[in-house]
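Analysis of the macromolecular model
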Amino acid sequence: MSAGSSLRSEDQSLCSICLNVFTDPVSTPCGHNFCKNCLTQHWDVNGSCQCPVCDKVLETRPELHVNTLLSEMVAHFRHEAQQKASSSSSEQQAATPGEVPCDICTGTKPKALKSCLVCLFSYCQTHLEPHVTASRLKKHQLVEPVENLESRMCVKHNKPLELFCKTNQTCVCTLCSVLDHRNHKFVPLREEYEGKKAELGKTEADIQQMIQKARQKIQEVKESVKMSRDAADREKAEGVQVFTALMESVERGLKELMKEIEVRQETAKKQAEGLIRDLEQQISELMKRSSEVEQLSRSEDHLHLLQSFSTLKAAPPTKDWTEVSIPPPSYEGTVVRAVAQLEDTLRKGMKKLLAEAELRRVQQYAADVTLDPDTAHPALLLSDDGKQVHCADVKEKLPDNPERFSQCACVLGRQSFSSGRFYFEVQVRGKTDWDLGVARESISRKGEVRECPQGGFWTVWLRNGREYRANAGPAVELCLLRGPEKVGVFVDYEEGVVSFYDVDAAALIYSFTGCSFSQKLHPYFSPYLNNGGKNSAPLIVCPVNQTEPIRH
């Protein structure tokens, strides 16, 4: 059969209603052919006998008989298609698990390339050809191979599910729309598909956003765990250092106690040994004299005995040992005194170690602080890097902007803090006067400055090289054993704490507690007046180096 006659045969074998190969073909008086079931359902739905192709109305509903000739032609067409499919399918590889097989092939079933939503069959390359070449089959909707095509048919009317009922939110066929879902609102499946796809896109975006938030939360939790682990490691290290120092102090105390006892015991031993030597020496001399006396007493020489008697008769020069004794060394109170001394040492050492640990704890919140030239009093000179400030003898001509201090020789840090913790260190070596601390952003910068918490300042100052004071309102005089050369300033915004430290001595100078902060805080510096060069040294904002533990 030629290609042209093959195409004509295929077109003639298709029902105009279902667009599939005839099943029990019947003919109308007007000469058009249909599946018997398709034409019967069409007339039942429309309620009139009208040709679906030419719309010719039949006055009476004819009795439908299967067209024998057309049925034989369809059977012949199907037989040829099956033979062609059988010969080609033997050349194709069978579908693997997970792939959709061809529904038409017999024997080895190759992988299907497309599924037809009208025919409800999946086709391999060979059996897909009629849907590509036959004009009527080209109208069928082809999709990527899918299984369970029966689920795409209306179980009640055996028609494709082509519409979506908005009222009942379900997929229906064309017969459902006029029979079971009358007066309902319908849209084509594609239109509902596009809408639902858009909703799924939004849902997917929302899900991705939730996933992102969850991942961010996981990262936050991991960071929290890391911070907790780092804090635990730091505490462990601090604990090891503190307890190692304590154990070293105990060992030193024990060694000193043992040494003291051993020295006393050795002294008593040497005294006893000296006394024993003296006694042994005397015994030796007495035994020698005893031997001489015994020998003389045995002499038969009258003259010799009488001449030697006076010499031997005299008592030897011996020491009276009656009152001589070696009392045992007294160890009473030695252990008690050693323990008391150790306790005092440990107490001082603990205080020092805890102070060092506290300083290292706050140093981890070090902030990079620089001086703000827009706030500096005209008599102050700032370094180019914003890390040093000292007072000159004359004022510079600077714009009197609202941020600048007009009377007090002070300057604020450029950085501000409204939460959390921060710490910075300032070198004050060589100065006789200075002010350090933090200040509220809203403080008055014109006229006299009132350094106290009520005025928005939390500061400590030095005057005359020896007078230290915390400006707590009222002021608190500070008695420091030695003047600090580097001062650390720590702020815990939420806890309301401002603390000052002698960095080199790792000692707390003073703490403001119970503070209530509601504004931004700025670091505050005043190198004070030059005093004819006596106070010319600058205040220097130093980089923070973690304090090394001091060995005791």
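If you're wondering where the values come from, they're calculated on a predicted model, not measured in any experiment.

1. Brief notes about the pattern of salt bridges
This structure, assessed with the given rule, holds 17 salt bridges. Close ionic contact of E260 with R264 constitutes a salt bridge, the shortest N to O distance being 3.2 Å. Here E260 pairs with R264, and both are found in helix α6 (residues 189-297), just four residues apart, close to one helical turn. You can call E260 partly exposed: its relative accessible area is 31%. Each of the salt bridges in this network shares a partner with another, and the network as a whole consists of K166, E192 and K196.

2. Comments concerning helix α2 (residues 36-46)
Buried within α2 we find C38, L39 and W43. Considered in projection along α2, the buried side chains sweep an arc of 125° and stay on one side of the axis. Its buried side turned inward, α2 meets β1 (25-27) and β2 (33-35). Two residues or fewer past α2, G47 is found with a positive phi of approximately 75°.

3. A few points about the sheet that holds strand β12 (residues 421-427)
Reading across the sheet, the seven strands line up as β9-β10-β21-β12-β17-β18-β19 and stay open at both edges, with antiparallel pairing between neighbours. Two strands close off the open sheet at either side, each with one partner strand: β9 (380-382) and β19 (507-512). Averaged over all neighbouring strand pairs, the angle between strand axes comes to 20°, with direction disregarded. Across three bridges, β9 lies against strand β10 (residues 388-391) in antiparallel orientation.

4. Some words on the side chain of R404
Checked against the element boundaries, R404 lands in the loop between β10 and β11 (411-412). A polar contact of 3.1 Å, which involves the side chain of R404, links it to the backbone oxygen of P373. A distance of 2.7 Å separates a polar side-chain atom of R404 from the backbone oxygen of A376. Each residue touching R404, except ones within four places of it in the same chain, is listed here: P373, D374, T375, A376, H377, P378, L398, P399, R445 and K446.

5. Examining the pairing of β19
Examined bridge by bridge, strand β18 (residues 497-502) and β19 share five bridges and lie antiparallel to one another. The residue bridging S499 from the neighbouring strand is S511, located in β19. Counted along the chain from β18 to the antiparallel partner β19, the turn is four residues long, and its residue A506 has a positive phi close to 50°.

6. Focus on the sheet that holds strand β15 (residues 467-470)
The six strands are arranged β11-β20-β13-β14-β15-β16 in an open sheet whose pairing can be described as antiparallel. The strands lining the two open edges of the sheet, one partner per strand, are β11 and β16 (476-478). Bridge count between β11 and strand β20 (residues 521-526): two bridges; the pairing is antiparallel. The residue bridging V411 from the neighbouring strand is F525, located in β20.

Analysis parameters
- Residues numbered from 1 in each chain as written.
- Predicted model: local features only at pLDDT ≥ 70, side-chain atom pairs only at ≥ 80, totals over all residues.
- Heavy atoms only, no water.
- Salt bridge = Lys/Arg side-chain N within 4 Å of Asp/Glu carboxyl O.
- Helix = DSSP H or I, 4+ residues; strand = E, 2+ residues; numbered from the N terminus.
- Buried < 20%, exposed > 50% of the residue type's maximum accessible area, 1.4 Å probe, protein only.
- Arc of directions from axis to C-beta.
- Contact = heavy atoms within 4.5 Å.
- Pairing = 2+ DSSP bridges.
- Axes fitted to C-alpha atoms, helices over the stretch in contact; angles between N-to-C directions.
- Polar contact = N/O pair within 3.5 Å; in protein donor to acceptor, adjacent residues only side chain to side chain.

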